[in-house]
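Listed here are the chains, written in short residue letters.
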Amino acid sequence: MKTLQEIRDELKMIREYHFALSSAGNGAEILVPNEIARLMESFSRTVKDAPKPVQRAYRGLYERGCTQKALAAEWGVTEKYVQILNKRLLLFLQRQGQ
C-alpha cells in the first residue's frame, strides 16, 4: 500500500502535467511520459468510484490545477472544506490501492 506522501507526489505530477498542457497554448505538442499517462488513467478510473464531492475536488485541484483557496472561492465554500475533501481523496486513493 502506498503512503499518503507517495500519493501526494503522484497527484502533484498530474497537476504539473495539466498545468504545462494548459500553459503550452494552441498547437503546441506536449509529450506525456508513460509513467504520467498511466497515473492519469489509473487515477481517473479510480476516482470515478469516489463520492461526487471527492470527484469534483480531484477534477478541480488536479485536472484543472486550482489551488485549494481558488477552488473554495469558486465553489463558495471555505478553504477548510476543500482541504477536507482533498484529505478524503487521498484516503480514498490509498484504500483503493493507488
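Overview of the structure.

Procedures and definitions
Residues numbered from 1 in each chain as written. Predicted model: local features only at pLDDT ≥ 70, side-chain atom pairs only at ≥ 80, totals over all residues. Heavy atoms only, no water. Phe/Tyr/Trp six-rings, centres within 6.5 Å; stacked < 30°, edge-to-face > 60°. Helix = DSSP H or I, 4+ residues; strand = E, 2+ residues; numbered from the N terminus. Buried < 20%, exposed > 50% of the residue type's maximum accessible area, 1.4 Å probe, protein only. Lys NZ or Arg CZ within 6 Å of the ring centre and 35° of its normal. Axes fitted to C-alpha atoms, helices over the stretch in contact; angles between N-to-C directions. Parallel < 35°, antiparallel > 145°, perpendicular 65-115°, else oblique. Left-handed = near helix turned anticlockwise from the far one by under 90°. Contact = heavy atoms within 4.5 Å. Nonpolar A, V, L, I, M, F, W, Y, C, P; charged D, E, K, R; others polar. Expected span 1.5 Å × (residues − 1). Salt bridge = Lys/Arg side-chain N within 4 Å of Asp/Glu carboxyl O.

Here we come to the packing of aromatic side chains. Tallied over the full model, the rule gives 1 aromatic pair. Aromatic side chains tyrosine 58 and tyrosine 62 sit 6.1 Å apart centroid to centroid with 35° between the ring planes, which places their arrangement in the tilted category. Of this pair, tyrosine 58 and tyrosine 62 both sit in helix 3 (residues 52-63), 4 residues apart, roughly one helical turn. Judged on exposure class, the residue tyrosine 58 and its partner tyrosine 62 are both buried. Above the plane of the ring of tryptophan 75 lies arginine 56, whose end atom (NZ or CZ) is 4.1 Å from the centre.

This paragraph deals with the packing of helix 3 against helix 4 (residues 68-75). Interhelical geometry of helix 3 versus helix 4 gives an angle of 125° and a closest axis separation of 10 Å. What the angle tells us is that helix 3 and helix 4 run oblique. For the pair helix 3 and helix 4, the crossing hand works out as right-handed. For the pair helix 3 and helix 4, contact is made by Pro53, Arg56, Ala57, Gly60 and Leu61 and by Gln68, Leu71 and Trp75, respectively. Within the contact of helix 3 with helix 4, the residues separate by chemical class into 5 nonpolar, 2 polar and 1 charged.

Across the interface, helix 2 (residues 34-47) lies against helix 5 (residues 79-95) with an axial gap of 11 Å and an inter-helix angle of 100°. Comparing the axis directions of helix 2 and helix 5 gives the class roughly perpendicular. Counting all contacts with helix 2, which are made through Phe43, Thr46 and Val47, the residues of helix 5 involved are Leu89, Phe92 and Leu93. By residue class, the composition of the contact of helix 2 with helix 5 is 5 nonpolar, 1 polar and no charged.

So, on to helix 3. Helix length check: helix 3, at 12 residues, gives a terminal C-alpha distance of 15 Å against a target of 16 Å (1.5 Å per residue), a fit within 8%. Three or more residues of helix 3 are buried, namely Val54, Gln55, Ala57, Tyr58, Gly60, Leu61 and Tyr62. One or two residues past the end of helix 3 sits glycine 65, with phi positive at roughly 75°.

Scanning the entire structure with this criterion turns up 3 salt bridges. Among the salt bridges present, the one from glutamate 10 reaches lysine 2, with a minimum N-O distance of 2.7 Å. Measuring nitrogen to oxygen at the nearest pair gives 3.6 Å for the salt bridge that ties glutamate 41 to arginine 45. Note that glutamate 41 and arginine 45 are positioned in helix 2 at a spacing of 4 residues, about one turn of the helix. A relative accessible area of 46% means that glutamate 41 is categorised as partly exposed.

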